[in-house]
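Here are the chains, one letter per residue:
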Amino acid sequence: MKIQQLSIFLENTAGRLYDIVSVLGKAGINIRALSLADTAEFGILRLIVDKVDKAYEELKKSQHTVSITEVIAVEVEDRPGGLAEVLEKFADNDINVEYMYAFVEKKYDNAVLIFRIEDIEAAVDVLKKAGVKMIDHQRLLEL
Amino acid sequence: MIYNPEFECLPRSAMKALQGERLGKMLSHVYENVPFYRKKFENLALKPADIESVDDLSSLFFTTKDDLRENYPFNLFAVPLQQVVRVHSSSGTTGKPTVVGYTRHDIELWAEVAARTLAGAGCTDSDIVQVAYGYGLFTGGLGMHYGAEKMGAMTIPVSGGNTKRQLMLLQDFKSTILACTPSYALLLGEIGEEMGVDFSTLPFRAGVFGAEPSTEKMRREVENRLHIKGYDIYGLSEVIGPGVSFECDEQDGLHINEDHFYPEIINPQTGEVLPEGEQGELVFTCLTKEALPLIRYRTKDITALHYGKCACGRTTVRMEKVTGRTDDMLIIRGVNVFPSQIETVLLSIEETEPHYQIIVQKRGPIDELEIQFEVNEDIFSDEVKKLLAIEQKVAREIESVLGLRAKVKLVEPKTIHRSEGKAKRVIDLRKEQ
């Protein structure tokens, strides 16, 4: 139930983000979800793409610092309280979310939540027990 | 093995007495025979007799490389030219070369200190020493050559270059000790591997490396590649050449042949003598040389001295591996900063050779120090807090080492400009501001 996410270091200067997405675009890699964390000096771009290994190779070749991190994707109904219910399970079980981001998929009227959690195994257990629907990479691409 | 225990293991007080006695004679020698030095004494209204021990040296003048250039070629020689049996010279890439001369006695002295240097690496008369330093005007080749012969070792004067022949001799003559620069040793290792030389099966066991700065990491790499133990040596032609100081088996600092070359560490700005253990510029006074006995010669090399007894049994003062040159020194908010200090901090955090840049600029009246270093896969994390923690850790370490607050900034790989494979380490914008 774990999904591979690409994390890329980038400086906060003009054109850096463009540089990365154009590398991926030229290599025919589609970005499914994206989040950008930033500080005053640098940022970390997190991407979920269709072809992870190829994207990794391309970014390495273009001399970016890139790593693959594991995240969990959860599908919830797109309604008030949907996210809160998932976070409640984490809170009750003392699971700390390092960061998260979300996007909405209108085709199914669902929202997809991406979580980065230090103790990913524990989080998977908690969600399984609570009957929360986690999705795999394939499903994420189909949405 | 200690080549000359009578001098290398002297109790400290006896060493100091010996140095004082030799210094007195030396100062009279230069006062009588070198007009340049007589004038220096007169300018200070001093006579050689006013300097009663090595502790009084601090009241004297310095000698610099510029003094040597201005007295090119032979004006600082303290003996008539017919007593000079040899000269060596620097390459003179920046202006006039510096010329150094030796009497027969000086050549003998040089052989002695070079033999001590080889003994530090365990050399005896049954060793086979391959001297791969250049022979010629450069002091490296002939200096080690005379040392190896003095030791009674079989000496191979192969000189530098011709790497394949070096490797052939190493295998066929069964050389046990190699004397060369550390970067040349690394090249020998690489080419040897390509040629299929198995260093682990050869009697080759030690390297005597000097004539250029190198890092501890480089030494380890050479040691692993060549299956030998590497010993740092230090010397400069103005003082004598190779043989000024050397490492023993402990690899814990370089023993200075201080019965011949008296070392001091000074603050390079003020000229003030610094106490044991403090980093500063290394200064040498020749105590026994005849032809070119320099007084308080400023080496521009940065190091520190330690007087504690070494486990090897030698009592001679040890200098740390040279960490930088005064030419590289920055003064930031009144603090002396060497790029190598920053590199050491970064090396302790990253496993690999760090790519970094030091930027100094003025913010209002205040100097601001910024250190940029490239993120690599070893330190990259996809969590902001971990990257910020690295920046803070570097800043903290830098502050504890330099006593200066620095702004630390992670930058993308390959963004720091490299020229000829080497990065330009320091950008000082203050002159333009």
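Residues numbered from 1 in each chain as written. Chains lettered and ligands numbered in written order. Predicted model: local features only at pLDDT ≥ 70, side-chain atom pairs only at ≥ 80, totals over all residues. Heavy atoms only, no water.

On to the environment of I349 of chain B. Residues and elements named next belong to chain B. Secondary-structure assignment places I349 in helix α10 (residues 339-349). When the C-alpha positions of I349 and I390 are compared, they lie 8.3 Å apart, and in sequence the two are 41 residues distant. In contact with I349, not counting residues within four places along its chain, are I390, K393, V394 and E397. (Helix = DSSP H or I, 4+ residues; strand = E, 2+ residues; numbered from the N terminus. Contact = heavy atoms within 4.5 Å.)

Residues and elements named next belong to chain B. You can read the domains of chain B as domain 1 (86-326) and domain 2 (330-428). Computed from C-alpha atoms alone, the centre-to-centre distance between domain 1 and domain 2 is 32 Å. On the side of domain 2, six residues touch domain 1, which itself brings nine residues to the contact. When the buried surface of domain 1 facing domain 2 is broken down by residue, K217, Q269 and T323 rank first, second and third, together holding 55% of it. Counting every contact that joins domain 1 to domain 2 gives zero salt bridges. In terms of residue class, the side of domain 1 that touches domain 2 is made up of two nonpolar, five polar and two charged. (Domains from an automatic or database assignment. Buried area = accessible area lost by both parts, 1.4 Å probe. Salt bridge = Lys/Arg side-chain N within 4 Å of Asp/Glu carboxyl O. Nonpolar A, V, L, I, M, F, W, Y, C, P; charged D, E, K, R; others polar.)

Once that is clear, we can look at unusual backbone geometry. Of note, the amide linkage connecting Y72 of chain B to P73 of chain B takes the cis form, showing an omega dihedral of -10°. On the secondary structure map, P73 of chain B appears in the loop between α4 (65-70) and β1 (84-89). Of note in this structure, Q63 of chain A is not a glycine but carries a positive phi near 65°. Along the chain, Q63 of chain A turns up in the loop between α2 (52-61) and β4 (66-77).

Bringing the pattern of salt bridges into the picture now. Residues and elements named next belong to chain B. Counting across every chain of the model gives 51 salt bridges over all chains. Of the charged contacts, one joins R325 and D327 as a salt bridge, the two residues approaching to 3.8 Å between their closest N and O atoms. Salt bridges sharing common partners tie together E216, R219, R220, E223, D232, E247 and K321.

All names here are of chain B. If you look at the biggest cluster of nonpolar residues, it comprises 51 residues, and the most contacted ones within it are Y37, F41, L60, Y234, I240, F284 and I295. Contributing elements (two or more residues each) for this core: α2 (12-33), α3 (35-43), β2 (99-103), α5 (104-120), β7 (229-236), β9 (254-256), β10 (261-266) and β11 (280-286). Element by element, the count of residues in this core is highest for α2, at five residues. (Core = buried A, V, L, I, M, F, W, Y, C linked by side-chain atoms within 4.5 Å. Buried < 20%, exposed > 50% of the residue type's maximum accessible area, 1.4 Å probe, protein only.)

All names here are of chain A. The domain architecture assigned to chain A consists of domain 1 (2-69) and domain 2 (71-142). Spacing between the C-alpha centres of domain 1 and domain 2 amounts to 22 Å. Listed per partner, the contact involves 14 residues of domain 1 and 15 residues of domain 2. In this assembly, domain 1 packs against domain 2 so that about 1,400 Å² is buried in total across both faces, 61% of it on carbon and sulfur atoms. Interface area lost by domain 1 to domain 2 is led by K2, I3 and R32, which between them contribute 48%. The interface formed by domain 1 and domain 2 contains two salt bridges. Measuring nitrogen to oxygen at the nearest pair gives 2.7 Å for the salt bridge that ties E121 to K2.

Okay, the interface of chain A and chain B next. If you look at the interface, chain A gives 25 residues, while chain B gives 21 residues. Between chain A and chain B lies a buried interface of about 1,900 Å² when both sides are counted; carbon and sulfur atoms form 54% of it. Here R116 of chain A and E383 of chain B are joined by a salt bridge, their closest N and O atoms 3.7 Å apart. Taken together, chain A and chain B are joined by nine residue pairs in polar contact (both at pLDDT 80 or more). Sorting the residues of the side of chain A that touches chain B by element identifies β1 (2-11), β3 (42-49), α2, β4 and β5 (97-105) of chain A as the ones contributing at least two each. No other element matches the six residues that β1 of chain A contributes to the side of chain A that touches chain B. For the side of chain A that touches chain B, the class distribution of residues is nine nonpolar, eight polar and eight charged. (Polar contact = N/O pair within 3.5 Å; in protein donor to acceptor, adjacent residues only side chain to side chain.)

All names here are of chain B. On the basis of which strands lie adjacent, the open sheet formed by four strands has the order β10-β11-β12-β15 and antiparallel pairing. One side of each edge strand has no neighbouring strand; the edge strands of this open sheet are β10 and β15 (324-325). Two elements, β10 and β11, share six bridges in a ladder whose sense is antiparallel. Residue pairing for β11: Y262 is matched across the bridge by T285. (Pairing = 2+ DSSP bridges.)

Residue and element names in this part refer to chain B. Residue placement: R116 occurs in helix α5. A relative accessible area of 1% places R116 in the buried class. A distance of 2.9 Å separates the side chain of R116 from the side chain of N257, its partner in a polar contact. Here the side chain of R116 touches D259 through a polar contact of 2.9 Å, side chain to side chain. In contact with R116, other than residues within four places in its own chain, are Y3, N4, F7, E8, F246, N257, D259 and H260.

Turning next to the pairing of strand β3 (residues 128-131) of chain B. Residue and element names in this part refer to chain B. Residues I128 and Q130 of β3 are buried on one face, and the alternating residues V129 and V131, pointing to the opposite face, are buried as well. Of the pairings in the sheet, the one linking β3 to strand β4 (residues 154-156) comprises three bridges and is parallel in character. When the sheet's bridge partners are listed, Q130 is paired in β4 with I156. Between the parallel pair β3 and β4, the chain is carried across by helix α6 (residues 139-151), and the sense of this crossover is right-handed. Two strands pair when backbone bridges link them, and β3 and strand β5 (residues 177-180) are joined in this way by three bridges, in the parallel orientation. Its bridge partner lying in β5, V131 is registered against A179. (Right-handed = clockwise from strand over helix to strand, strands pointing away.)

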